[in-house]
Amino acid sequence: MTSEWELVEIGSFAKLRSGFAFKSADWQECGVPVIKIANIKNGRILAEGCGYVSSEVASKAKEWVTKQNDVLIAMTGYVGEVAQVQANENYLINQRVGRFEFYKNTVVDPKYFFYHLQLPVTRSEIEVMARGSAQPNLSAADAHKIKVSLPPLQVQLRISRLLSTFDERITLLRETNQTLETIAQALFKSWFVDFDPVRAKAEGRMPEGIDAATAALFPDAFEETKLGMVPKGWSAATLSTVATFQNGYAFKGSDWTEVGHPVVKIGNVKPLHIDFDGCSFVSPQTVAGLERFKLGAGDLLVGMTGYVGETGLVPQNDTASYLNQRVGRISTNNGLQDLGFVFSAVRQKEFKIYAESQSHGSAQANVSGADLMKFPVTVPSADILEKYNDLTHQFIASILNNHSVATSLTSLRDTLLPRLISGQLRIADAEAELEKATA
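Quantities reported herein were computed from a predicted structural model and do not represent experimental measurements. (Residues numbered from 1 in each chain as written. Predicted model: local features only at pLDDT ≥ 70, side-chain atom pairs only at ≥ 80, totals over all residues. Heavy atoms only, no water.)

What about the overall build of the protein chain?
Check the secondary structure of the protein chain and you find twelve helices and 24 strands. Overall, the C-alpha framework of the protein chain stretches about 75 × 60 × 50 Å when taken along its three principal axes. The buried share of the protein chain, taken over its 439 residues, is 46%. Put simply, 74% of the contacts in the protein chain that link residues at least 6 apart link residues at least 24 apart. When the accessible surface of the protein chain is summed, it comes to about 21800 Å², and 51% of that surface belongs to carbon and sulfur atoms. Of note, the protein chain has its 43 positive side-chain charges centred 5 Å away from the centre of its 48 negative side-chain charges. (Helix = DSSP H or I, 4+ residues; strand = E, 2+ residues; numbered from the N terminus. Buried < 20%, exposed > 50% of the residue type's maximum accessible area, 1.4 Å probe, protein only. Contact = heavy atoms within 4.5 Å. Areas by Shrake-Rupley, 256 points an atom, 1.4 Å probe, with all protein chains shown as cover. Lys, Arg positive; Asp, Glu negative; His and termini not counted. Charge placed at Lys NZ, Arg CZ, Asp CG, Glu CD.)

If you want it as structure tokens, here you go:
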């Protein structure tokens, strides 16, 4: 990367220090959270999978409590992954998670520095420096030799504010999606797990949170079934009652190409969304005649090997993607229009627990589509099912749209980042790009 600004070694303005070396005996199921290498991902701290230590152990590592705006880096494994600590994030830092400590009176904005570390050219430099045969390791001494482009502090601040605006909007979209799913899940649990409206009517009360017309759709009594008591007229059934299952296509090793149509594999099935990053590709000639394995926006997929029972929606994608073996598609008759009930059923934690209980395999877990479709669900009457699907249809559509906007903003931010830091793009022009993207 060429730059009109001075290139300065990191070691001249900051010191990288690896976190606290907790002992194996220190780890426990709950307590004070500790960030490990795997928790540093895509510019954020991922709380899931954190380690925990007792308060007593934590008191010995007070120096390694995170502070707002700390810039952290993975020094082993996925070296170069970085994150900046937010105001509400309170953790301890484990060894091999590095923290940059800035010298006094330095003229470096930590947030600008955080974005600079995410430049592809900087990440490549870090990866080249990492050493180790089994897994790469970055030393503090090597990290200190990396050069960064330092414009005047005021310019750094303007660049970091602009890029932060991107991240804030992306974060808001992600949080909105979490909220929408939480609402759908809460409604599903109330109606189809706890049977709140039915219990209320059985006790002579008006169901809470729903209008009179919707309340009238619910029965006012329960009846015995072989699987226990269910609302009168409803059925204790399985997922196969309301959905169908399709396994993916067994592409051959010789089918893979550098570019072409993305193929969704097990590792691409992330919670709530399919992540196209890291997809393999096949040529248009390979997918000729494989229309039934072609994916569309809103398709609901499930992992069948490894992280069995993980489920996610296929987002909008400009290039047609396809379904690989060991990834299943769970479909309803009318796509998004009637997907809400099934979506909420398989997004419950109970579905993943069930999938894991049905899995086999010593090396890694495997579950069959037939077993997944035996997941127990209580199926309501057709009018209540339609009502729930109508209510949640817009939630799912919004989740897909928000994800699409967040993906576009991420792509735009990553495109502007090197041009801004190199000085090749005026900040005012980048601000106009942001305004246009969010209009």
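Still more ground to cover, so stick around.
Focus: the environment of Pro 110
Within the element layout of this structure, Pro 110 appears in helix H2 (residues 110-117). For Pro 110, a relative accessible area of 26% corresponds to the partly exposed category. Not counting residues within four places of it along the chain, the set of residues in contact with Pro 110 comprises Asn 69, Val 71, Gln 84 and Phe 102.

Structural notes on the sheet that holds strand E21 (residues 311-313)
Pairing is mixed in the open sheet, where five strands are placed in the order E15-E23-E20-E21-E18. Each having just a single partner strand, strand E15 (244-247) and strand E18 (272-273) make up the two edges of the open sheet. As defined by bridge partners, strand E20 (residues 300-303) adjoins E21 across three bridges and the pair is classed as antiparallel. Residue pairing in the sheet places Val 302 in a bridge with Thr 311 of E21. (Pairing = 2+ DSSP bridges.)

A look at helix H5 (residues 153-193)
For H5, which comprises 41 residues, the first-to-last C-alpha distance of 56 Å matches the rise-based estimate of 60 Å (1.5 Å per residue) to within 8%. The first or second residue beyond H5 is Phe 195, which carries a positive phi of 55°. (Expected span 1.5 Å × (residues − 1).)

Examining the side chain of Thr 332
Examined against the element boundaries, Thr 332 turns out to sit in the loop between strand E23 (327-331) and helix H8 (340-346). A polar contact of 3.2 Å, which involves the side chain of Thr 332, links it to the backbone oxygen of Gly 335. Among residues more than four places away in sequence, those in contact with Thr 332 are Val 242, Asp 338, Leu 339 and Val 342. (Polar contact = N/O pair within 3.5 Å; in protein donor to acceptor, adjacent residues only side chain to side chain.)

Some remarks on the pairing of strand E3 (residues 32-35)
Summarising the sheet, E3 and strand E6 (residues 51-53) pair through three bridges and their orientation is antiparallel. Counterpart to Pro 33 in the pairing with E6 is Tyr 52.

Regarding the packing of H5 against helix H11 (residues 382-422)
The geometry of H5 relative to H11 is characterised by a closest axis approach of 9 Å and an angle of 165° between their N-to-C directions. Accordingly, the angle class assigned to the pair H5 and H11 is roughly antiparallel. With respect to the hand of their crossing, H5 and H11 are arranged in left-handed fashion. When its residues are assigned to classes, the contact of H5 with H11 shows 25 nonpolar, seven polar and five charged. (Axes fitted to C-alpha atoms, helices over the stretch in contact; angles between N-to-C directions. Parallel < 35°, antiparallel > 145°, perpendicular 65-115°, else oblique. Left-handed = near helix turned anticlockwise from the far one by under 90°. Nonpolar A, V, L, I, M, F, W, Y, C, P; charged D, E, K, R; others polar.)

Describing the pairing of E23
Across the five residues that make up E23, a large majority, four, are buried. Bridge count between E15 and E23: four bridges; the pairing is antiparallel. Within the sheet, the bridge partner assigned to Phe 245 lies in E23 and is Ile 330. Alignment of E20 against E23, held across four bridges, turns out to be antiparallel. Among the inter-strand pairings, Gly 303 is bridged to a residue of E23, identified as Val 327.

Topic: the environment of His 116
The topology assignment puts His 116 in helix H2. In this structure, the C-alpha to C-alpha distance between His 116 and Lys 387, residues 271 residues apart in sequence, is 50 Å. Only 2.9 Å separates the side chain of His 116 from the backbone nitrogen of Ser 149, close enough to count as a polar contact.

Considerations on the packing of H11 against helix H12 (residues 427-437)
For the pair H11 and H12, interaxial distance at closest approach is 11 Å and the crossing angle is 175°. Here H12 runs roughly antiparallel to H11, going by the angle between their axes. Of the residues in H12, those in contact with Leu 409, Leu 412, Leu 416 and Leu 420 of H11 are Ile 427, Ala 430, Glu 433, Leu 434 and Ala 437. Within the contact of H11 with H12, the residues separate by chemical class into eight nonpolar, no polar and one charged.

Re the sheet that holds strand E9 (residues 92-93)
Remark on secondary structure: sheet strands pair via backbone hydrogen bonds, oriented parallel or antiparallel. An order of E6-E3-E9 is seen for the three strands of this open sheet, with the pairing classed as mixed. Single-partner strands in this sheet number two, and they are E6 and E9.

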